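Next come the chains, spelled out residue by residue.
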Amino acid sequence: MFSVIKRAMDVAGSAMLLAVLSPVFTTLALAIKLTSKGPVFFRQQRIGQYGKPFVLLKFRSMYMDSDAAAHMDYVGS
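Reading the values: rules and limits
Residues numbered from 1 in each chain as written. Predicted model: local features only at pLDDT ≥ 70, side-chain atom pairs only at ≥ 80, totals over all residues. Heavy atoms only, no water. Phe/Tyr/Trp six-rings, centres within 6.5 Å; stacked < 30°, edge-to-face > 60°. Helix = DSSP H or I, 4+ residues; strand = E, 2+ residues; numbered from the N terminus. Buried < 20%, exposed > 50% of the residue type's maximum accessible area, 1.4 Å probe, protein only. Contact = heavy atoms within 4.5 Å. Salt bridge = Lys/Arg side-chain N within 4 Å of Asp/Glu carboxyl O. Pairing = 2+ DSSP bridges.

K.L.:
I would appreciate a short explanation of the packing of aromatic side chains in the present structure.
P.N.:
Geometrically, a pair of aromatic rings is defined through the distance of the ring centres and the angle of the planes. If you walk through the whole model with that rule in mind, you get two aromatic pairs. Between Phe25 and Phe59, the ring centres sit 5.9 Å apart and the planes meet at 40 degrees, which makes this aromatic pair tilted. Placement of the pair is Phe25 in helix H1 (residues 2-35) and Phe59 in strand S2 (residues 53-59), with a sequence separation of 34 residues. Aromatic ring contacts, followed pair by pair, group Phe25, Phe41 and Phe59 into a single cluster.

K.L.:
Before we go on, may I ask you to explain unusual backbone geometry in this structure?
P.N.:
Residues other than glycine predominantly adopt negative phi, and peptide bonds predominantly adopt the trans conformation. Phi is positive for Tyr50, close to 60 degrees, though the residue is something other than glycine. With respect to the secondary-structure elements, Tyr50 resides in the loop between strand S1 (41-47) and S2.

K.L.:
Would you mind showing me how to read the environment of Ile32 here?
P.N.:
Its place among the elements puts Ile32 in helix H1. The exposure class assigned to Ile32 is buried, which follows from its relative accessible area of 10%. Considering only alpha carbons, one finds Ile32 and Arg60, 28 residues apart in sequence, at a separation of 7.5 Å. Look past the residues within four positions of Ile32 in its chain and what remains in contact with it is Pro39, Val40, Phe59 and Arg60.

K.L.:
What exactly am I supposed to notice about the pattern of salt bridges here?
P.N.:
Oppositely charged side chains may form a pair once their charged atoms are brought near each other. A complete count under the given rule lists one salt bridge for this structure. Here Asp10 makes a salt bridge to Lys6, at a shortest N to O gap of 3.0 Å. Here Lys6 and Asp10 lie together in helix H1, a separation of four residues that amounts to about one turn. Of the residues examined, Asp10 reaches a relative accessible area of 37% and is grouped as partly exposed.

K.L.:
How do you make sense of the pairing of S1 when you look at a structure like this?
P.N.:
Regular strands have side chains that alternate between both faces of the sheet. In the sheet, S1 pairs with S2 via seven bridges, with the strands oriented antiparallel. The partner of Gln44 across the bridge, within S2, is Leu56. The antiparallel pairing of S1 with S2 creates a hairpin that spans five residues between the two strands, and Tyr50 there sits at a positive phi of about 60 degrees.

So yeah, pure geometry; function would need other evidence.
Next comes the structure, spelled out in structure tokens:
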């Protein structure tokens, strides 16, 4: 019973936040699309609970086809 209530609260809270933040998400997506080439979302497959793979989507924050040297220098130091 507790897990059903928790799940209902999670879904309701997520739906409310999506409704409230949708103008911000739309503005962000438009800004990304207008300032750089490529898709708005970065897509990556990750491993979740019990080793089950899932697809992660997030707003892209880097330019497409950019040089990876700066990242490699940062990671290497």
